[in-house]
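# Overview (structure and organization)
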Amino acid sequence: MKTKNTPIALGLALGLAGYSLPAFAQDSGEPDKAAIEKSFPSKPPYSPYAGRPFPARVYWGDTHLHTSYSMDAGAFGARLGPKDAYVFAKGNEITASSGQRVKLSRPLDFLVVADHSDGMGFFPMLLSGSQDVLNDPQGKKWYEMIQSGKGADAALDIVITFGKGQMPKAIFPLPGTAPYRNAWAETIKAAEEANDPGRFTAFIGFEWTSNTGGNNLHRNVIFRDNASKASLVEPYTTIKPLGSDNPRDLWKWMQTYEDKTNGRVLAIAHNGNLSNGRMFPLIESFTGKPIEREYAERREQWERLYEATQIKGDGETHPFLSPNDEFANFERWDKGNLDLSELKKPEMLEFEYARAALRNGLKLEKELGVNPYKFGMVGSTDSHTGLAAVEEDNFFGKTSSAEPSAGRAEHPFVKNPANPGVVIMGWETSASGYAGVWATDNTREALWDAMQRKETYATTGPRMIVRFFAGWDFVTTDANTRSPAVVGYQKGVPMGGDLQQAPGGKSPTFLVAALKDPIGANLDRVQIIKGWLDGKGETHEKVYDVAWSGDRKPDAKTGKLPAVGNTVDVPNATWTNTIGATELIKVWKDPEFDAAQSSFYYVRVLEIPTPRWTAYDAKYFGIKMPPEVTMTVQERAYTSPIWYTPAK
Amino acid sequence: MRATLRKLIREPLFHFLLLGVVIFFIAGRSRSIGGTSGEKIVVTQSHIETIVVGFSRTWMRPPTQEEMQGLVDDYIREEVLYREAKAMGLDQDDIIVRRRMRQKFEFLSEDLAARSGPPNEQELEAYLRQYADKYREEPRLTFEHIFFNREKHGKSAEADAKAVLARLTGKKGAAIDVEKLGDAFLLPFRFEKISADETTRLFGENFGKQLVSVETGNWAGPLESNYGLHLVRVDEYLPGAAPQLADVREAVFRDLLSERRKQELDAQYAKLRARYMIVVEPPPAPKVAETH
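Please read these numbers as outputs of a predicted model, since none were measured by experiment.

## Thoughts on the packing of helix H6 (residues 121-130) of chain B against helix H12 (residues 245-273) of chain B
Residue and element names in this part refer to chain B. Put simply, H6 and H12 touch, their axes get as near as 10 Å, and they point 90 degrees apart. Overall, the two elements H6 and H12 adopt an arrangement that is roughly perpendicular. Of the residues in H12, those touching H6 at Glu123, Leu124, Glu125, Tyr127 and Leu128 are Leu245, Arg249, Val252, Phe253 and Leu256. Of the residues in the contact of H6 with H12, the class split is seven nonpolar, no polar and three charged.

Next up, the structure:
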C-alpha cells in the first residue's frame, strides 16, 4: 500500500543503492571523543529558545478567502481580485467593492486565496465581454444584463443556473480551457508576488466545492509549494467528467499531484453544519455503505485540519449534541443545508460538528484500525469579498453585497422557495474566524508543516495566544515557570500531538496557558474538553473548567462556575476590561482517566462578553435591530486536540 | 476586470448616456424644446471611424451593416439631444457635468506632465535622497524583558518591578540570573531584530512607542504594555538604513511621477487662477435662535 512517504522512502532507497557497501567505511579518520565533545556544548545556551527548533511565535492568518475569481463572489459584486486580497491582508488600506475604505486593525501573517475551482475566473471573463462570452447566447445575455445595469439579476440567474448544473460549457472555465488556465495562472502569480518569506506568507490554494443537492462538502486545498510545482497542475473541480463531487476523487487527485511533482498539499474541510449529516459520515452518502479502512486512511492522510468556525456559523458543537455544555449554543446555523433546499433533522447533527466527529473518530479507529477524523482545528473567514475582515468592529461581511450598510443585518442571507418561511438572515452571519499557527518561521514551508502536524488553533476573530501541552509528568509548579512553552515542549507534546500507552498507573497531565489579545478583551476561562470511548464502545464527552479569572467558586452542587459578568454597553457598542484576566496558566490532571480507553482532549478559551458586530452596526448606522438579533458575543478559541491511544 | 469597469466609468459615452436619460426625461415633460431650426448635423468620416473603433474594442469585431446604421442613428440622436440640452443650459449647475469637465481638464494636464518623459536615473536618485526618510527601512530592535503581571502583584506591581530594577542595575546586577525574575509570559522574553511596528503589534502601542527611546545596554523601565509591566534591556537598536535606489526603484519611480503630475496640475491651476478676479462674499449670517 502506498503512503505519503513513498517518494521520500523511494528516494532514500535509490540514494543508498547508489553507494556500494564499503562506502560505509570511514574516510574522515578515526573518531576522537574529546574533539567530538567540543561540538556538543555541556551547558545549555543562555537563551531558552536558542538551539531549540520549537515554535516561539504564533502566526495569524486566513486559510479560506474568496475573491472576484470565485463565481459566486463575482456574482455578488466582488471586484477585488487575489492581488488586492493580499495587499489588504498585509495591513494596507484599500477600497472595498462597495466603495468604502477599509483596513485591518493589524496585518495578518499569512493568507490563502482559495477561490472555487469550478468556474474559476468566470466573472473576470464575463465582464471582459470577450468573443467567447458573446458567441454564447447565455453568455451574451448575462453580459448585456450586466452592461445595462441589471447585474444583480444576472448574478442570481448565474447562481441558479450553476446550482442546477446547467452552465453553458462553452463559456464555463473548465480545466484545459484558456480562461481557466489564465485564472489559475493569475492566482498563482498574485501569491508569488505577495509572498515575502519571513514577513508574510501568501499560499497558493483553491477550494474544491462539492455541493451536490446543496449539501456542503467543501474542501480548501493548500499547496506547500511555489509556482514551479503548483503551475504544473490545474485545480481539481467537481463537474464530471474532469472532476468529481466525491472527496475520495479529490484525494486521488492530491496523490497524483504529489507523485507527479514531488510537492505537498493538504485539504481543510468546512461547514459540516451545512452538509445535512454528510461531512463526517459513518455511512458514506455516495455509496450508502459504511466507510472502510481505505476511506479512513485517506481522510486522515489528506485532511489534517478542520475549519471549526467561520462566517457561516460555528462548527465546534451543538446544544443537541452537548446538552450539558452551557457554551454550546454559539453562532448556530442549523436550519438546513447550504441553500436551504433540505431542512435540518436532529439525527443529522452528529455527522456535522467537530466534537461529535472527534468522538466518532475514536469509535471508527477501534473498528477500522485508523481514525479518519483525527483533525486539528483552524478558523477562517470564507469571506467572498477579497477582505479577510472579521473583527466585530470591522466586519466586512460574507459577500460584497453584505459589506457595511444600514440594511445588511435585516437582509435575508439564504432563502429557498422550496421551504418558504425558513430564512437565514444577514444578522446571523458570524464575524469569524482566524487560524493561529505555531510555526518556526513565517514561510510557506514552516507554516504548512505546522498545519500538517496540527499545531494550530481556531479563533472566532480575536488573536489570543493559546498553548496546550500534554505529558505524564507536568507538576503544578510548571505553571509558574517563566516560559511555560519551554517546559511544555520538554515534558510533553503540543496541540495536535499524541500520547500513547500510559506508564503504569499514571494519568495524563496538561499544561495550558492563554494570553488575551493585546488589543482585545480579557479572558473569562480556559476549559479542557475531553471525549472518550468506553469499554462498551460508546463515546462520551465532558467539559472541565480548568482556569478562570477572579475568585469565582464552582457551585458545590452542580460544579458549574458562575458566569464572569458582562460589561457590554450595547447602545454604545463598548465594554471594559474591568472583569476577566489577561493571562491564565494552569497544570491540570485528568481526574477520571482510564488507561484502557482511547480519548482526546482539546482546549476552549472564552473571552469576557463583548459587543457583537450587530451592535457596532446599530451604533454606526443609528438603527434599531429586531429583538431576536444577538448583540453580544463571547469570542473563543479552540485548539487542536491531543489524543491518547491505549496499548493495542 | 476592475480596469474594464473603470474604463467603462471613464467612458464619455457612458456619461452621455446617463445624461441622455435625464434630458430625455426632462424634455419629455416640457412642451416645447428650444434650439434653432435649420442647424446642420454632419456625421463626418472621423466620427464614423470613432464609432467603429469604440464598438470593436468592446465587442472584439467590427459592427455589421445593421449595427452600424443603429450606431449612427444613435449618434445623431445623441447629438440632437446634446445640442438641445446645451441650448437649454442643462449642462450648467449640473454637478456631474462640472466634475466631468474638471476631470477631463486634469487628465489633459496630467498627460502634458507625462509628456516630459519618464524620470531618469539622476532624478530618481535625487528624489530618493530628498525623501530618504519615507523609504527608510523600519528601525529594528534586539531586546529582552522581564514581565510583571498586575493580577499577581496587585498595587505593588510598580514597586516590585522597580525593586528588581534596582537589583539589576546594582553592583551585583550582572551576576543575577535574569531567567528567575518576574512572572510567566507567553510571548518570548528575547526578541532579535524585531521591527518597531511588530513590537507594537505584539505588546500594544504604548509599549512600542516607549521601547524605541530606551537607551541600549542597561535594564530600564518599567514600561506598561497591554499585558502588564515590563523591565526591558535593549541590546541593539538598528535605525532603519537608508535604502539603495535599486531596492526601492519601483516605489520611487511611481512616487516621483505622481508628484510631478501634481506639481504640473498645481502650476497650471495657479496660472489659470491668476486670470480671474475672485470675490468671495461673506457667508450669510447664521440663523441662530437668540439665546436668553
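## Remarks on the sheet that holds strand E3 (residues 219-224) of chain B
Residue and element names in this part refer to chain B. Read across the sheet, four strands follow the order E2-E1-E4-E3 without closing on themselves; strand pairing throughout is antiparallel. At either end of the open sheet lies a strand with only one pairing partner, and these are strand E2 (190-195) and E3. Averaged over all adjacent pairs, the angle separating strand axes in this sheet is 40 degrees, with direction ignored. Where strand E1 (residues 140-148) and E2 come together, four bridges link them in antiparallel fashion. Looking at E2, one finds that Leu141 is bridged to Ile194. Most of the contacts of helix H9 (residues 157-169) go to E3, to which it runs at about 165 degrees, and overall it touches E1, E3 and strand E4 (229-238). The strands that helix H10 (residues 196-203) touches are E1 and E2; relative to E2, the one it contacts most, it runs at about 125 degrees.

## Looking at the packing of helix H4 (residues 82-89) of chain A against helix H9 (residues 178-194) of chain A
Residue and element names in this part refer to chain A. Two elements in contact, H4 and H9, have axes separated by 8 Å at closest approach and are oriented at 25 degrees. What the angle tells us is that H4 and H9 run roughly parallel. For the pair H4 and H9, the sense of crossing is right-handed. Judged by residue contacts, Pro82, Lys83 and Tyr86 of H4 engage Glu186, Thr187, Ala190 and Ala194 from H9.

## A closer look at the interface of chain A and chain B
On the chain B side, the residues contacting the 29 residues of chain A number 24 residues. By residue number, the principal contributor to the side of chain A that touches chain B is helix H5 (residues 122-128) of chain A, which donates three residues. The residue makeup of the side of chain A that touches chain B, split by class, is 14 nonpolar, ten polar and five charged.

## Describing the domain arrangement of chain B
You can read the domains of chain B as domain 1 (2-33 + 40-92), domain 2 (103-136 + 247-286) and domain 3 (139-238). Between the C-alpha centres of domain 2 of chain B and domain 3 of chain B the distance comes to 46 Å.

## Considering the sheet that holds strand E20 (residues 509-515) of chain A
Residues and elements named next belong to chain A. As summarised here, the arrangement of the four strands in space is E18-E17-E20-E23, forming an open sheet in which the pairing is antiparallel. Of all strands in the sheet, those with a lone pairing partner are strand E18 (493-494) and strand E23 (583-589), marking the two edges. Relative to E23, E20 runs antiparallel, the two sharing seven bridges. Within E23, the residue paired with Val512 across the bridge is Lys586. Helix-sheet contacts for helix H15 (residues 484-491) involve strand E17 (465-471), E18, E20 and E23, and the interaxial angle to E17 is about 30 degrees.

## Description of the pairing of strand E16 (residues 456-459) of chain A
All names here are of chain A. The alternating pattern of E16 places Thr456 and Ala458 and Tyr457 and Thr459 on opposite faces, both of which are buried. The sheet contact formed by strand E15 (residues 434-439) and E16 spans four bridges and is antiparallel. Within E16, the position partnered with Val437 by the bridge is Thr456. Pairing of E16 with strand E27 (residues 636-639), which is carried by three bridges, proceeds in the antiparallel orientation. What sits directly across from Thr459, in E27, is Ala637.

## Focus on the domain arrangement of chain A
Residue and element names in this part refer to chain A. Domain boundaries assigned for chain A yield domain 1 (60-121 + 173-444), domain 2 (123-172) and domain 3 (463-645). Using only C-alpha atoms to locate each centre, domain 1 and domain 2 end up separated by 25 Å. On the side of domain 2, ten residues touch domain 1, which itself brings 13 residues to the contact. Ranked by residue count, the leading element in the side of domain 1 that touches domain 2 is helix H3 (residues 71-75), at four residues. The class makeup of the residues in the side of domain 1 that touches domain 2 is seven nonpolar, four polar and two charged.

Basis of the calculations
- Residues numbered from 1 in each chain as written.
- Chains lettered and ligands numbered in written order.
- Predicted model: local features only at pLDDT ≥ 70, side-chain atom pairs only at ≥ 80, totals over all residues.
- Axes fitted to C-alpha atoms, helices over the stretch in contact; angles between N-to-C directions.
- Helix = DSSP H or I, 4+ residues; strand = E, 2+ residues; numbered from the N terminus.
- Parallel < 35°, antiparallel > 145°, perpendicular 65-115°, else oblique.
- Contact = placed C-beta atoms within 7 Å.
- Nonpolar A, V, L, I, M, F, W, Y, C, P; charged D, E, K, R; others polar.
- Pairing = 2+ DSSP bridges.
- Left-handed = near helix turned anticlockwise from the far one by under 90°.
- Domains from an automatic or database assignment.
- Buried ≥ 20, exposed ≤ 12 C-beta atoms within 10 Å, placed from the backbone.

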